[in-house]
Amino acid sequence: MSDVAFFGAVEIGLVYALVALGVYLSFRVLDFPDLTVDGSFPLGAAVAATWIVSGGNPWLGSLAAMLAGAGAGLVTALLNVRFRILHLLASILTMIALFSINLRVMGRPNVAILMQDTVLTPFYGLGLPDHIVRPLAVGVVALVAVALLAWFLTSEFGLAMRATGVNARMARAQGVETDGHVYFGIALSNALVALAGALFAQTNGFADVTTGIGTIVVGLAAVIVGETLVPLRGLAGALLGCVIGSILYRLAVQLALSADVVGLEAADLNLVTAVLVAVALILPRSRLRVAKVAK
Amino acid sequence: MWKRQAILAAMIGVALSTPVLAQTKTVAITAIVEHPALDATRDGVIDALKAAGYTPGENLKIEYQSAQGNPATAAQIARQFVGARPDVIVPISTPSAQAVVAATRDIPVVFTAVTDPVSAQLVRSMDKPGANVTGISDMAPVGEHVALIQEIVPSAKRLGVVFNPGEPNSVAMVNVLKEEAGKRGMTVVNAAANKSADVQTAARSLVGKADAIYVPLDNTVVSALEGLLAVGAQAKLPVFSADTDSVVRGTVASLGFDYRQLGRQTGEVVVRVLKGEKAGDIPVALARGTDLFINPKAAAAMGVTIPDAVAKRATKTVGQ
């Protein structure tokens, strides 16, 4: 595995770490299986790319992407909370609607920003090679997101949100306004995912309507790989686990891409990735079981 | 001890049996997804490399990866290829090409099966791509279409075009058409049709203002082709199309290409880069038209005869 490939995998892992944090917030904190992310990731990419192509400031474009993502999350929450549509279906409805909206936002299926200034442009001139600058910059964003989330989830409001996810009836009995927390949590989750989309567009030079395919799978895999393999305790540990899990997932893809030496073909990529992730999840447990049996 | 020696001997044996070739070139090919057209393009690239004397396994190493439909994987494949430093990277399709171009500024890139490389920001212009990037666009060979129309209807000076301004691909194609027709001394007359029901009206508006009608790759117009053909037959206005399938439905002629051929054309550019030319100095080319479809019956109905020279070149004559 070359340097460029390794840091490339880390960089894409860090971009998807924001997706993992968003998914952690919806699936784990709020216990709300939210598939909106397959639409809000490309929405973030579309909004940021369109903003930048029309001459806007890339930082504001990324902020606009987050707001758009939050809006998408609010729609899902509204369908669920206000109109009592099952959370899974509510999020699927938003997700499929977002495909059309993304096409509308961009006006075409693919918007290129290869020649425009992005939030990364100021950092390219600092003397480090591009393949190091990108993961560093995205890593800073991911760590800031972890810090802010850790702070938020231990605040009084954040604790009430966690209570909502654990036991909504009990939380209501304690005077927590649970509906408001669902709205806010799902909006925040999708804002993070849309930010990931905006960063993906800016680090790779394009937004494409198909970018969203499988986002939820990658995000969920990152969360679970992090929970299983990262031995950190507590909330901050879980959030860092999401980041590390996302990087590990990308390294698994990288290994699968390099697997042609053992006679595997390009067509086997997804299978090899799945097997690698499964092995990574099973190994630590089986070792435990062996230890137990030995006793 | 014996075991270690045996392993050592085996390793030396492997090292000796692998022929060391000073001139082995590496070409890394990636596509966004497995798809008949994209796979054919890849095979075409390899055909052309073989024809130029590069044999996979001897003096050529081919690496191929498919992103299996996932742009994030496409980005990761781009980094993987850039890290491996091949002699040329060949991305097939727009997102794969964008991911590769974003990942390298020095490794030569020859993209293919990209319809509009300028608006995809892969190159600054078709004629002078600059930097490390060139390639082949799979837009229909519009220039060759204009030449074909002139060959069949030598008196044509005004070319009518019916298209939907809401379809970005047709707008891009009509812009190319204006340029290509201008080069060959023709003017283009626009007739807009926003929906299928407007196509016939738009075609009628061209009667008396155009000497021939051209149908671009426009879903709206192609879906309502029969109405347009009726106008052509009534007003003796020959109708030509950008796609060969429409010839079967009743346009006079068209020139198309298949993706294996597109791949071969791409492979020829890859060979030029392998031989030392700078990618950025090679203009981006449109796919060469190789499949000539003609429809003599439709031509007769619209008041033209197809010259023998054209009929001889035809790869398919409708009605035979």
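From a predicted model like this one, the values you see are computed outputs, not experimental measurements.

1. Describing the overall build of chain A
Then, number 1: Helices and strands together make up the secondary structure of chain A, namely twelve helices and two strands.
Then, number 2: In terms of C-alpha radius of gyration, chain A reaches 20 Å, essentially the compact-globule figure of 19 Å for 295 residues.
Then, number 3: Each principal axis of the C-alpha distribution contributes one length, and for chain A these read about 65 × 55 × 35 Å.
Then, number 4: In chain A, which comprises 295 residues, the share counted as buried stands at 51%.
Then, number 5: Pairs at least 24 residues apart make up 77% of the contacts formed inside chain A by residues separated by at least 6 positions.

2. Let's talk about the confidence of the model for chain A
Low-pLDDT stretches of the model should not have their predicted coordinates read in fine detail.
Then, number 1: Mean pLDDT over chain A: 92, with 96% of residues reaching 70 or higher.
Then, number 2: Per-residue pLDDT, averaged within each element of chain A, yields its smallest value for helix H12 (residues 269–294) of chain A (76) and its largest for helix H3 (residues 58–81) of chain A (98).

3. Describing the domain arrangement of chain B
Then, number 1: The assigned domain composition of chain B is domain 1 (2–138 + 260–286) and domain 2 (142–256 + 290–317).
Then, number 2: Here the C-alpha centroids of domain 1 of chain B and domain 2 of chain B sit 36 Å apart.

4. Quick word on helix H5 (residues 142–152) of chain B
Residues and elements named next belong to chain B.
Then, number 1: Looking only at H5, the buried set comprises Val-142, His-145, Val-146, Leu-148, Ile-149 and Ile-152. Buried residues of H5, viewed axially, fall in a sector of 160°; they line one side.
Then, number 2: Next to the buried residues of H5 lie strand S6 (158–163), helix H6 (168–183), strand S8 (212–215), strand S9 (239–241), strand S10 (253–256) and helix H13 (308–313).

5. Quick look at unusual backbone geometry
Across the chain, the bulk of peptide bonds are trans and the bulk of non-glycine residues have phi less than zero.
Then, number 1: Phi is positive for Arg84(A), which is not a glycine, with a value near 60°.
Then, number 2: Relative to the assigned elements, Arg84(A) resides in the loop between H3 and helix H4 (87–106).
Then, number 3: A positive phi angle, close to 60°, is found at Ala113(B), a residue other than glycine.
Then, number 4: For Ala113(B), the location among the structural elements is in strand S4 (residues 109–114).

6. Overview of the pairing of S4(B)
Residue and element names in this part refer to chain B.
Then, number 1: The buried fraction of S4 is high, at six of six residues.
Then, number 2: Bridge analysis of strand S3 (residues 88–92) against S4 gives two bridges, and the strand direction is parallel. Each residue of the ladder has a partner; that of Ile-89, found in S4, is Val-109.
Then, number 3: Pairing of S4 with strand S5 (residues 133–137) involves four bridges; the strand directions are parallel. Looking across to S5, one finds that Val-114 is bridged to Ser-137.

7. Quick look at the interface of chain A and chain B
Then, number 1: Contacts between the two partners involve 28 residues from chain A, matched on the other side by 28 residues from chain B.
Then, number 2: The set of elements that each furnish at least two residues to the side of chain A that touches chain B consists of helix H1 (3–29), strand S1 (110–112), strand S2 (206–208), helix H11 (234–257) and H12 of chain A.
Then, number 3: The element best represented in the side of chain A that touches chain B is H1(A), accounting for six residues.
Then, number 4: Along the lines of polarity and charge, the residues of the side of chain A that touches chain B split into 14 nonpolar, ten polar and four charged.

8. Overview of the sheet that holds strand S12 (residues 291–294) of chain B
Residues and elements named next belong to chain B.
Then, number 1: If you walk across this open sheet you meet the three strands as S10-S12-S13, and the pairing is mixed. Looking at which strands have only one partner, the edges of the open sheet turn out to be S10 and strand S13 (316–317).
Then, number 2: By the bridge criterion, four bridges tie S10 to S12 in an arrangement that is antiparallel. In the strand pairing of S12, Ala-253 is matched with Ile-294.

The rules behind these values
Residues numbered from 1 in each chain as written. Chains lettered and ligands numbered in written order. Predicted model: local features only at pLDDT ≥ 70, side-chain atom pairs only at ≥ 80, totals over all residues. Helix = DSSP H or I, 4+ residues; strand = E, 2+ residues; numbered from the N terminus. Rg over C-alpha atoms; globule rule 2.2 N^0.38 Å. Buried ≥ 20, exposed ≤ 12 C-beta atoms within 10 Å, placed from the backbone. Contact = placed C-beta atoms within 7 Å. pLDDT = per-residue confidence, 0-100. Domains from an automatic or database assignment. Arc of directions from axis to C-beta. Pairing = 2+ DSSP bridges. Nonpolar A, V, L, I, M, F, W, Y, C, P; charged D, E, K, R; others polar.

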